[in-house]
Amino acid sequence: MALRMWASSTANALKLSSSVSKSHLSPFSFSRCFSTVLEGLKYANSHEWVKHEGSVATIGITAHAQDHLGEVVFVELPEDNTSVSKEKSFGAVESVKATSEILSPISGEIIEVNKKLTESPGLINSSPYEDGWMIKVKPSSPAELESLMGPKEYTKFCEEEDAAH
């Protein structure tokens, strides 16, 4: 863990990022985007990610988003068996810096909510793509996934957004 934190802080200082492939959890790929971007995921311009497997789509916020938020101290999530709509809020993340709405990148029925985040909201910081997932959804319009960005497009989007600030 200490090595991971050192590598992360070093990468941030050097303005490098790690890019993890779908099959490996540690290879680094350098880019100017300051956060980890994973292969095999889709990304929204509001900084949520989607992992689509079969009839289930898992949704969370990206490493880039959590980097900008800082330490997450509270997460508000919806109930199971409710619906989400594309680009509509389904919850909020409160950090030491700000509170931000979480927008759903796709529409569908929520089939599972990550209850661990209630007691351990910091999982969003320490593991945004694994333990820090937020909801699992049965997509009502799978075609909406095609409108989301792939890893290369999202990396470019982050670089352009960060350069504008």
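About the cut-offs
Residues numbered from 1 in each chain as written. Predicted model: local features only at pLDDT ≥ 70, side-chain atom pairs only at ≥ 80, totals over all residues. Heavy atoms only, no water. Pairing = 2+ DSSP bridges. Helix = DSSP H or I, 4+ residues; strand = E, 2+ residues; numbered from the N terminus. Buried < 20%, exposed > 50% of the residue type's maximum accessible area, 1.4 Å probe, protein only.

Asker: Provide a residue-level description of the sheet that holds strand β5 (residues 83-84), including the pertinent values.
Answerer: With antiparallel pairing, 6 strands are arranged side by side in an open sheet as β1-β2-β3-β9-β8-β5. The sheet is open, and its two borders are formed by β1 (42-43) and β5, each paired with just one other strand. Bridge count between β1 and strand β2 (residues 48-53): 2 bridges; the pairing is antiparallel. Looking at β2, one finds that Tyr43 is bridged to Trp49.

Asker: Go over unusual backbone geometry with me, naming the residues and quoting the values.
Answerer: Notably, His47 is not glycine yet its phi reads approximately 75 degrees, a positive angle. Relative to the assigned elements, His47 resides in the loop between β1 and β2. Despite not being glycine, Glu87 shows a phi value in the positive range, around 65 degrees. In this fold, Glu87 is placed in the loop between β5 and β6 (89-95). The exposure class of Glu87 is exposed, given its relative accessible area of 57%.

Taken by themselves, the reported measurements are silent on function.
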